[in-house]
Amino acid sequence: MVGNKESRTIVQTLSGKASSDQAETGRTFSGVGVSPGRIIGSILVMPQAVQEPAVGERLAEGTAPEDASIALRAAAKAVQTNLTARSVGASGAGREVLEATALMANDPMLVKAAVKLITNGASAERAIWDAAASVAEMLHNLGGYMAERATDVLDVRSRIVAELRGVPAPGIPYSDTPFILVGEDLAPADTATLDPAKVLALVTSSGGPQSHTAIIARALGLPAVVAAAGVDGLSDGTVIFVDGAAGTIRVDPGTDEVALAKAWETTTAALAVFDGTGRLQDGHLVPLLSNVGGAKDAVKAAAAGAQGVGLLRTEFCFLGRDTEPTITEQVEAYRGVFDAFPGKKVVVRTLDAGADKPLPFLTDASEPNPALGVRGYRTDFTSPGVLERQLEAIAQAADDTEAQVWVMAPMISTAEEAEHFAGLCAAAGLTTPGVMVEVPSAALTASSILEHVDFVSLGTNDLTQYAMAADRQLGPLAALNTPWQPAVLQLIRLTVAGSHDQGHDKPVGVCGEAAADPALAVVLVGLGVSSLSMTARALSAVAAVLASVTLPEAQQLAALALTANSATDARRIVREKLPILNTLGL
Amino acid sequence: MSERTAVIASRVGLHARPAGIFVAAVGELPLEVTIAMAGEPAEDAMDASSILSIMSLGASNGDTVVLRADGEGADEALDSLVKILETDLDAE
């Protein structure tokens, strides 16, 4: 999952194969493989972000304001037409976003404000830039739902400026035929327009293993390589081979790559099945659960053989709203998930708003450092009551279902917080309280925390970013930001040790992205983790690799990883001892 | 000048999808229609064909708004718009 030294350089080799583009023939790129899969396809490059027109940019000499206004109106109309056409092909929430942004593109208020600026001598680009900025600020100041729409106005603005300049619109390119998407990095907003039926694989020049690109790729089961420097310089239509496990890309693939891509097709078919019992070769049981974000996900996860839900993200109930959902609405939403897993464990994580998941009625968007701010459980300090009502809703939903409902709080830092949360659960009638271990302080004090709660679940994405002091969205820090870091593994070991202390021996699960990496899953089990929860797509691959080792072997691999010199070494050493990974192309 | 009042029926208020449907309907009329919160002076009324203006109005479920238009067919046009506002568009 992590780039080694060589991954920073671009190795140029010559291929014997003829190509129309000699300069790129056989060229290879190396990055960080974040989602396995070997595939060949032609690329489309995500256009660069639109650059701001110079402040105070005036109309070019000889351009009449009337003509510039006509050009602006035409550009606004063109963007509206384009977005409307795309909305027809979209569905659900994506469609609504596109329909609303289409209306904004040609909005009379916005266009009139821009035309007024043009009449005063501003260039069309600068006029729409400033007019949209005022509207966005107005929406931002209204707060709540409106504040979120400010981003849409700025998106529309970029599109109009791109149209005026005659350059491609920003965002994910649109095509009728499936393609490999190449870009610098994907933003959360791009996910709304990413059509998994059209995109074969994701390759980015920036971003890390925890970036949005990586998370989206794993959720959609798309092969992906991130931090492949230089790859965004390739031109549209270039045919490349992508290996999402090895993290390599080859331009104009040869017969070897064609064979690998064919073999991967066979492997995915074979890996599509998980028998519903996670176990090691020696029979040691490791329940494999799924992370889900709603009833639809839960039904899919159950069909994929998940042994329960290790992480129910409850944000789905809250996101995109400007007020708190009612208890009745919440009960209905949670019950949909519980009903998919009768007799099985469903771990509900209470609302995890803040940082990269802001919620207008709970979090303060102006915090200078949101990752270290009021997020997760901490929103209970500033908006008391929301958590209690959510627990009440969970308890009501749990009442008439057959699922075993466990509840956990995110972003717990101290045993005192764990105790308080357990108290709230007890008051709501919820019998199995737990907490997430994402903050290093929680890993270090796991023993005290487990005096108050019945289980802990390691959220490795945040645990890694906090342990390594490395923002998970930053490409240059990708090498630091991997759960293969020996320091992160030490924190996991300490958490397990905390559970064994004083004879607690309470369950320690993992529900971060780490559990979906089959090699790392072996290490986690070796460290004493009792269950793994992951995206449903990863279940079969993780199960296949776990079944190839015994518990003592897993413990030995864990010991090697713990004492490795670097994350790269830890990963390499472990992968070398798991030959099944290469056989399966994982 | 024709004038109508309407009580916003959509649970989410007059934004998101309901606002989009309303603006699209106004856009199809050959008239200039304005919208204001009840009690606000007519000169502060906003262009009802602008989704951004409608959003900045901030009308919530249960709020009363005033629609105004001039010209031939204004009465019928406003009646049809009132019908849209008084339907819970979010539920459909």
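Residues numbered from 1 in each chain as written. Chains lettered and ligands numbered in written order. Predicted model: local features only at pLDDT ≥ 70, side-chain atom pairs only at ≥ 80, totals over all residues. Heavy atoms only, no water.

In the nomenclature of an unreviewed UniProt entry, chain B is known as Phosphocarrier protein of Cryobacterium levicorallinum.

Engineer: Sorry if this is basic, but what is going on with the sheet that holds strand β4 (residues 64-69) of chain B here?
Structural biologist: By way of backbone hydrogen bonds, the strands of a sheet pair with one another, either parallel or antiparallel. All names here are of chain B. Overall, antiparallel pairing links the four strands, which are arranged β1-β4-β2-β3 in an open sheet. Lying at the two open borders of the sheet, with one neighbouring strand each, are β1 (2-7) and β3 (46-47). One ladder, built from five bridges, connects strand β2 (residues 33-37) with β4; its direction is antiparallel. When the sheet's bridge partners are listed, Ile35 is paired in β4 with Leu67. Helix α3 (residues 74-85) rests against β1, β2 and β4 of the sheet, and its axis sits at about 10° to β1. (Pairing = 2+ DSSP bridges. Helix = DSSP H or I, 4+ residues; strand = E, 2+ residues; numbered from the N terminus. Contact = heavy atoms within 4.5 Å. Axes fitted to C-alpha atoms, helices over the stretch in contact; angles between N-to-C directions.)

Engineer: I'm lost on the side chain of A:Thr482 in this one. Help?
Structural biologist: All names here are of chain A. Residue position: Thr482 is located in the loop between α15 (460-467) and α16 (486-500). The exposure class of Thr482 is buried, given its relative accessible area of 0%. A polar contact of 3.0 Å, which involves the side chain of Thr482, links it to the backbone nitrogen of Trp484. (Buried < 20%, exposed > 50% of the residue type's maximum accessible area, 1.4 Å probe, protein only. Polar contact = N/O pair within 3.5 Å; in protein donor to acceptor, adjacent residues only side chain to side chain.)

Engineer: It is not clear to me how the interface of chain A and chain B should be interpreted in this structure. Could you clarify?
Structural biologist: Quoted interface sizes are often the accessible area lost when the parts come together. Across the boundary between the two partners, chain A contributes 17 residues, which contact 13 residues of chain B. Here chain A and chain B share an interface that buries about 1,300 Å² over both sides, 75% of which is from carbon and sulfur atoms. For the chain A face of the interface with chain B, the top three residues by lost area are A:Leu103, A:Tyr145 and A:Met146, together amounting to 34%. Run the count over chain A and chain B and you get one salt bridge. The shortest N-O distance in the salt bridge between B:Asp47 and A:Lys112 comes to 3.7 Å. Counting the contacts that link chain A with chain B gives three residue pairs in polar contact (both at pLDDT 80 or more). Mapped by element, the contributors of at least two residues to the side of chain A that touches chain B are α2 (92-105), α3 (108-119), α4 (124-142) and α5 (144-165) of chain A. (Buried area = accessible area lost by both parts, 1.4 Å probe. Salt bridge = Lys/Arg side-chain N within 4 Å of Asp/Glu carboxyl O.)

Engineer: I'm lost on the pattern of salt bridges in this one. Help?
Structural biologist: Charged atoms that come close allow side chains of opposite charge to pair. Residue and element names in this part refer to chain A. This model, assessed by the stated rule, comprises 21 salt bridges over all chains. Put simply, Asp243 and Arg38 hold a salt bridge, and the shortest N to O gap is 3.0 Å. Note that Asp243 is positioned in strand β7 (residues 239-243) and Arg38 in strand β3 (residues 38-45), a separation of 205 residues in sequence. Overall, Arg38 belongs to the buried group, its relative accessible area being 13%.

Engineer: Explain the packing of α15(A) against α16(A) here, please?
Structural biologist: Packed helices, taken two at a time, are described by the angle between their axes plus the distance between the axes. Residue and element names in this part refer to chain A. Close contact between α15 and α16 brings their axes to 9 Å; oriented N to C, the two are set at 120°. Overall, the two elements α15 and α16 adopt an arrangement that is oblique. When the axes of α15 and α16 are compared, the crossing they make is right-handed. In this structure, α15 uses Thr460, Leu463, Thr464 and Ala467 to contact α16, whose residues at the interface are Val488, Leu491 and Ile492. Grouping the constituent residues of the contact of α15 with α16 by class yields five nonpolar, two polar and no charged. (Parallel < 35°, antiparallel > 145°, perpendicular 65-115°, else oblique. Left-handed = near helix turned anticlockwise from the far one by under 90°. Nonpolar A, V, L, I, M, F, W, Y, C, P; charged D, E, K, R; others polar.)

Engineer: When you look at the pairing of strand β11 (residues 345-349) of chain A in this model, what are you seeing that I'm missing?
Structural biologist: Along any regular strand the residues' side chains alternate between the sheet's two faces. All names here are of chain A. Among the five residues of β11, five are classified as buried, and the element is accordingly described as predominantly covered. Residues of β11 alternate between two faces, with Lys345, Val347 and Arg349 on one and Val346 and Val348 on the opposite face, all of them buried. Pairing analysis gives four bridges linking strand β10 (residues 308-313) to β11, with the strands arranged parallel. Each bridged residue has a counterpart across the sheet, and for Leu312 the counterpart in β11 is Val348. Bridging between β11 and strand β12 (residues 404-409) involves five bridges; their strand directions are parallel. Residue pairing in the sheet places Lys345 in a bridge with Gln404 of β12.

Engineer: Sorry, what's going on with the sheet that holds β3(A) here?
Structural biologist: Residues and elements named next belong to chain A. Strand order across the open sheet formed by eight strands is β1-β8-β7-β3-β4-β5-β6-β2, with mixed pairing between neighbours. Every other strand in the sheet has two partners, leaving β1 (28-30) and β2 (32-35) as the edge strands with one partner each. On average, each strand axis in the sheet is inclined to that of its neighbour by 30°, with strand direction left out of account. As paired strands, β2 and strand β6 (residues 224-226) are joined by three bridges and run antiparallel to one another. If you follow Ser35 over to β6, its bridge partner there is Ala224. Where helix α6 (residues 212-220) meets the sheet, its contacts fall on β2, β5 (199-204) and β6, and the angle it forms with β2 comes to roughly 40°. Sheet strands touched by helix α7 (residues 255-271): β3, β7 and β8 (248-251). Its angle to β3, the strand with the most contacts, is close to 105°.

Engineer: Help me understand the packing of aromatic side chains, please; the structure alone is not making it clear to me.
Structural biologist: For any pair of aromatic rings, the description consists of the separation of the ring centres together with the inter-plane angle of the planes. All names here are of chain A. One pass over the full model with this rule turns up three aromatic pairs over all chains. Relative to Phe421, the ring of Tyr377 has its centre 6.5 Å away and its plane inclined at 90°; by these criteria the two rings are edge-to-face. In this pair, Tyr377 is assigned in the loop between β11 and α10 (379-382) and Phe421 in helix α12 (residues 415-428), connecting sequence segments 44 residues apart. Their ring planes at 45° and their centres at 4.8 Å tell us that Trp406 and Phe455 sit as a pair that is tilted. Residue Trp406 is located in strand β12, and its partner Phe455 is located in strand β14 (residues 455-458); the two are separated by 49 residues in the primary sequence. Like Trp406, the residue Phe455 is buried in the burial classification. Three or more aromatic residues link up through ring pairs in this structure, and these residues are Tyr377, Phe381 and Phe421. (Phe/Tyr/Trp six-rings, centres within 6.5 Å; stacked < 30°, edge-to-face > 60°.)

Engineer: Would you mind showing me how to read the nonpolar core here?
Structural biologist: Proteins that are soluble and globular tend to have nonpolar side chains buried together. Counting 103 residues, the largest nonpolar core has A:Leu288, A:Phe338, A:Leu532 and A:Leu546 as its most contacted members. The biggest single contributor to this core is helix α11 (residues 386-399) of chain A, with eight residues. (Core = buried A, V, L, I, M, F, W, Y, C linked by side-chain atoms within 4.5 Å.)

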